[in-house]
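Summary of structural features
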Amino acid sequence: SMAEGAGTGPRLAELLAAGRRLWEEVETGAEPSTGAPAVQDKVRQGLDALRRAAAMVEQLDLFSENEELEEIASADLKYLLLPALLGALTLKQVDLSRRLEHLESARAQFWRFLKLCSSYGLGSFHLPPASPPGEEDAGSPSPGGPSAAQPSLVAMASSRQAKIERYKQKKELENRLASMGTFVESGQADEDQIREFYILQIQKWINTSLEEIESIDQEMIILRSRGTGKQPSAPPHGTSRQVRTPLKPFILTRDAAQAKVFGAGYPGLPTMTVDDWYEQRRRQGVVSGQSTPQRAPGITDEELQKQQQEKKEEEDDEEALQKARNWDDWKDTHPRGYGNRQNVG
């Protein structure tokens, strides 16, 4: 093959193999968090190896958009995967302040890979737009007003069907790749089998790239709407105390029947029964359940019991006082011996 003949062959093959191995270790890693320093080291090393390999492929001019698939040597087919692997590893970076930048870069890599595959007639798929939605027309509203942005139910159903199909194909592909992989790696496969194996890998990555571009586009819309593309999403220091959500205006009603009546006149304002309101506030932690005594921070169980005891005594005193008062009032209005039926006379 051309690559092997260029004297950089083994080095290029080694770089691809290393980048790929590191990606697999990160993807199926034992570490619970992608953010762990050891994992992020692998991400950096993998990106470095893959970038160097990609630069070599550029220099060697291995692929061009106006040549046929048959013209690519079987051993070189695997280098088509470079941009897809780069995209996948780019997404594994965890620096939140640069998230938008990473998403854009990964999307561009996946798109380049798909563009190349489509020019070689690999896989039957629609090439997604070159830039994420909202890039080219960030200022102008979507044509046809907001309803145009709402996908129709038919479109949603067919895209769901397409997803199910894609999922089945993906599983099938993975099974075939697994059974062929060991055979190819053992060096027993002939050129046709090697070629088929690499083309299956490319097809698997086409599916992955289409899925990733879809989820990147969704995440970018969310990031842009928050306006947190560039700055980290963590709040500044000193604002750790919980921010209470402001109440939206609504009509408070006694019960559901009343809610119906009041709701009819003010379609813009939601109605809410007292119970609903109380429940909502309780969930937000604004109204404390009256049954559970609220404990101030740093108070021990003994102190809490003492407080409750004192409160009970106060309530008992209050009750005793009220009884005494009631008794006095009663005595004022009833002569002594009132109601005593025995000594009639």
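Note that the structure is a prediction, hence the values are computed from the model and not measured.

**What about the overall build of the protein chain?**
Along the backbone of the protein chain there are ten helices and two strands. Reading the protein chain from its N terminus to its C terminus gives the helix and strand order α-α-α-α-α-α-α-β-α-β-α-α. Counting the 345 residues in the protein chain, one finds 29% classified as buried. Contacts in the protein chain between residues far apart in sequence, at least 24 positions, make up 65% of those at least 6 positions apart. Accessible surface, the protein chain as shown: approximately 23,500 Å² in total, 53% of it carbon and sulfur.

**Comments concerning helix α6 (residues 153–185)**
The α-helix winds at 3.6 residues per turn, so residues separated by three or four positions along the chain end up facing the same way. Compared with an ideal rise of 1.5 Å per residue, which puts 33 residues at 48 Å, α6 spans 46 Å between its outermost C-alpha atoms and is within 8% of the ideal. Helix geometry: α6 is bent most strongly at Ser 179, by close to 25°. For α6, the complete set of buried residues consists of Arg 166, Leu 173, Leu 177, Met 180, Gly 181 and Val 184. Summarising the contacts, the buried residues of α6 are in contact with α7 (191–226). Positioned one or two residues after α6, Gly 187 has a phi angle of 80°, which is positive.

**Some points on the packing of helix α4 (residues 99–119) against α7**
For the pair α4 and α7, interaxial distance at closest approach is 9 Å and the crossing angle is 150°. Note that α4 runs across α7; the crossing there is left-handed. Residue classes in the contact of α4 with α7 are distributed as 16 nonpolar, one polar and seven charged.

**Section: the nonpolar core**
Side chains that are nonpolar tend, in soluble globular proteins, to be buried together. Residues Phe 63, Leu 80, Phe 113, Leu 122, Ile 202 and Ile 206 are the most contacted members of the largest nonpolar core, which totals 60 residues. At the level of secondary structure, the elements contributing two or more residues to this core comprise α1 (2–27), α2 (37–60), α3 (82–90), α4, α6 and α7. Top element by residues in this core is α7. It accounts for twelve residues.

Cut-offs used in this document
Residues numbered from 1 in each chain as written. Predicted model: local features only at pLDDT ≥ 70, side-chain atom pairs only at ≥ 80, totals over all residues. Heavy atoms only, no water. Helix = DSSP H or I, 4+ residues; strand = E, 2+ residues; numbered from the N terminus. Buried < 20%, exposed > 50% of the residue type's maximum accessible area, 1.4 Å probe, protein only. Contact = heavy atoms within 4.5 Å. Areas by Shrake-Rupley, 256 points an atom, 1.4 Å probe, with all protein chains shown as cover. Expected span 1.5 Å × (residues − 1). Bend = angle between axes of the 7 residues up to and from the residue. Axes fitted to C-alpha atoms, helices over the stretch in contact; angles between N-to-C directions. Left-handed = near helix turned anticlockwise from the far one by under 90°. Nonpolar A, V, L, I, M, F, W, Y, C, P; charged D, E, K, R; others polar. Core = buried A, V, L, I, M, F, W, Y, C linked by side-chain atoms within 4.5 Å.

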